[in-house]
Amino acid sequence: MSTTPEDPSNSPVYGPADGFGPDPELPKVGEDKAVEKHDPEPNPTPEPTPTGTAVTDRTRAATTWVGLVIGAIVLVLLLVFILQNLESVSVEILAWQIDFPLGITILLSAIAGALIMALAGGVRIIQIRRAAKRQM
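The rules behind the values
Residues numbered from 1 in each chain as written. Predicted model: local features only at pLDDT ≥ 70, side-chain atom pairs only at ≥ 80, totals over all residues. Heavy atoms only, no water. Axes fitted to C-alpha atoms, helices over the stretch in contact; angles between N-to-C directions. Helix = DSSP H or I, 4+ residues; strand = E, 2+ residues; numbered from the N terminus. Parallel < 35°, antiparallel > 145°, perpendicular 65-115°, else oblique. Contact = heavy atoms within 4.5 Å. Nonpolar A, V, L, I, M, F, W, Y, C, P; charged D, E, K, R; others polar. Patch = residues over 30% accessible without salt bridge, like charges linked within 9 Å, V, L, I, M, F, W, Y side chains within 5 Å. Areas by Shrake-Rupley, 256 points an atom, 1.4 Å probe, with all protein chains shown as cover. Salt bridge = Lys/Arg side-chain N within 4 Å of Asp/Glu carboxyl O. Lys, Arg positive; Asp, Glu negative; His and termini not counted. Charge placed at Lys NZ, Arg CZ, Asp CG, Glu CD. Buried < 20%, exposed > 50% of the residue type's maximum accessible area, 1.4 Å probe, protein only. pLDDT = per-residue confidence, 0-100.

### Some remarks on the packing of helix 1 (residues 60-84) against helix 2 (residues 102-135)
- Two numbers describe how helix 1 lies on helix 2: the axes approach to 6 Å, and their chain directions differ by 135°. In terms of their interaxial angle, helix 1 and helix 2 are classed as oblique. Between helix 1, through L78, F81 and I82, and helix 2, the contact on the second element is made entirely by G103, I104, I106 and L107.
- Residue composition of the contact of helix 1 with helix 2, by class: six nonpolar, one polar and no charged.

What follows is the structure, encoded as structure tokens:
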């Protein structure tokens, strides 16, 4: 093997092992080969799926039904929780004193916490929208 750059033995050899595949068969000079034209294969039609096995996308109606079922389950669990915690407790808020069952007191506190978090989230969304409008 020669070390000169002009030597063809120094050039890389590309072939099937290199992922380039074999060299295409080219017609020799002066040889007229008819080029065969062919139409591309038509796209095959997809096979229909058997009835009852097709996977469908989620729809708004399906999502609504799932939400309603989950909501009903949560409502039943809350009802059971309230009915199991009926002993009365005294709640003092500022100058008021109210007697409620324990289950209702805990439920009202959870609702109040959720409303406070929703208010804080709403304020943050307004801040982000204002910042986005300023950047436009």
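### Quick look at a positive patch on the surface
- On the surface, R129, R130, K133 and R134 cluster together to form a positively charged patch.
- Relative to the helices and strands, R129 is located in helix 2.

### Observations regarding a nonpolar patch on the surface
- A cluster of nonpolar side chains, I93, L94, W96, I98, F100, L108, I111 and L115, forms an exposed patch at the surface whose accessible area comes to about 840 Å².
- Contributions of two or more residues to the nonpolar patch are made by strand 2 (96-101) and helix 2.
- With respect to the helices and strands, the residue L108 is situated in helix 2.

### Considering unusual backbone geometry
- The phi torsion at L94 lies on the positive side, around 50°, for a residue other than glycine.
- Following the sequence through the fold, L94 ends up in the loop between strand 1 (88-93) and strand 2.
- A relative accessible area of 83% means that L94 is categorised as exposed.

### Section: the confidence of the model for the protein chain
- For the protein chain, the mean per-residue pLDDT works out to 77, and 60% of the residues sit at or above 70.
- Looking over the protein chain, one finds the lowest element-wise mean pLDDT in strand 1, namely 89, and the highest in helix 2, namely 92.

### Side note on the side chain of T105
- As for its placement among the helices and strands, T105 is situated in helix 2.
- Excluding its chain neighbours within four sequence positions, the residues that come into contact with T105 are V89, V91 and F100.

### What to know about the environment of S88
- Looking at the element boundaries, S88 is found in strand 1.
- Remark: the alpha-carbon pair of S88 and L102, spanning 14 residues in sequence, is separated by 5.9 Å.
- When near neighbours in sequence (up to four residues on either side) are disregarded, S88 contacts D99, F100 and P101.

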